[in-house]
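An overview of the molecular structure
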Amino acid sequence: FMNGLNQIISSLTDPKGLKVIVETLGFQHLDLEVTIPRVIIFRDAIVDLLQVEMGARFTPKAKDGWMTFLNYVGGAYIYVRVKFSERLKI
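Now for a quick tour of the structure.

Structural notes on the overall build of the protein chain
- For the protein chain, the count of helices and strands is 4 helices and 0 strands.
- Taken from the N to the C terminus, the helices and strands of the protein chain come in the order α-α-α-α.
- Of all 90 residues assigned to the protein chain, the portion counted as buried reaches 29%.
- In the protein chain, of all internal contacts separated by at least 6 residues, the share reaching a separation of at least 24 is 67%.
- Surface exposure of the protein chain reaches about 6,500 Å², of which carbon and sulfur atoms provide 63%.
- Averaging the coordinates of the 11 positive side-chain charges in the protein chain and doing the same for the 9 negative ones gives two points 5 Å apart.

Observations concerning helix α2 (residues 15-28)
- Under the 1.5 Å per step criterion, the end-to-end length of α2 is 20 Å for 14 residues, consistent within 8% with the ideal 20 Å.
- Taken together, the buried positions of α2 are occupied by Gly-17, Leu-18, Val-22, Leu-25 and Gly-26.

Some words on the packing of aromatic side chains
- Counting across every chain of the model gives 1 aromatic pair.
- The interplanar angle of 90° and the centroid separation of 5.4 Å between the aromatic rings of Trp-66 and Phe-69 together place this pair among those described as edge-to-face. Linking Trp-66 with Phe-69, this pair stays in helix α4 (residues 60-88), spanning 3 residues, or about one helical turn.

With respect to the nonpolar core
- Membership of the largest hydrophobic core comes to 17 residues, with the highest contact counts inside it found for Ile-8, Val-22, Val-34, Phe-69, Leu-70, Val-73 and Tyr-77.
- Breaking this core down by element, the ones donating at least two residues are α1 (2-10), α2, α3 (36-54) and α4.
- When residues of this core are assigned to their parent elements, the largest contribution, 6 residues, is made by α4.
- Excluding its chain neighbours within four sequence positions, the residues that come into contact with Leu-70 are Val-39, Phe-42, Arg-43, Ile-46 and Val-47.

Some remarks on the pattern of salt bridges
- All chains considered together, the criterion is met by 2 salt bridges.
- A salt bridge links Lys-19 to Glu-23, with the nearest nitrogen and oxygen atoms 3.6 Å apart. Highlighted residues: Lys-19 and Glu-23, both in helix α2, separated by 4 residues, approximately one helical turn.
- Overall, the relative accessible area of 27% leaves Glu-23 in the partly exposed class.
- Where Asp-44 meets Arg-43, a salt bridge forms, and the shortest distance between an N and an O atom there is 2.9 Å.

The rules behind each value
- Residues numbered from 1 in each chain as written.
- Predicted model: local features only at pLDDT ≥ 70, side-chain atom pairs only at ≥ 80, totals over all residues.
- Heavy atoms only, no water.
- Helix = DSSP H or I, 4+ residues; strand = E, 2+ residues; numbered from the N terminus.
- Buried < 20%, exposed > 50% of the residue type's maximum accessible area, 1.4 Å probe, protein only.
- Contact = heavy atoms within 4.5 Å.
- Areas by Shrake-Rupley, 256 points an atom, 1.4 Å probe, with all protein chains shown as cover.
- Lys, Arg positive; Asp, Glu negative; His and termini not counted.
- Charge placed at Lys NZ, Arg CZ, Asp CG, Glu CD.
- Expected span 1.5 Å × (residues − 1).
- Phe/Tyr/Trp six-rings, centres within 6.5 Å; stacked < 30°, edge-to-face > 60°.
- Core = buried A, V, L, I, M, F, W, Y, C linked by side-chain atoms within 4.5 Å.
- Salt bridge = Lys/Arg side-chain N within 4 Å of Asp/Glu carboxyl O.

Given below as C-alpha cells:
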C-alpha cells in the first residue's frame, strides 16, 4: 500500500506518468471488487487517520486535497475494472 501511495504521490507533477501508475495499480487490484461505497469507506478511513495523527496540522485544505486524491485513485480503479476486466477473463 505504501509503495503504491508513494509512486502516485511522486508522479503528481507528471500527468501522463500519473495515469500510467494509477492504471497499473488498477489492474493489480482487479481481484478486488472496488466499488464507489468501498472507495468512500477507504477514503474516509485514511482521512480520519490523518486527522487523528496530524491534529491541527491537517488543515481543511489538506483534507480536501487528500479526499480529491483518493477519489481520483478509487475512480480510476473502478474505471479499469469496468472497462477492462471482461476483456481479461479467460
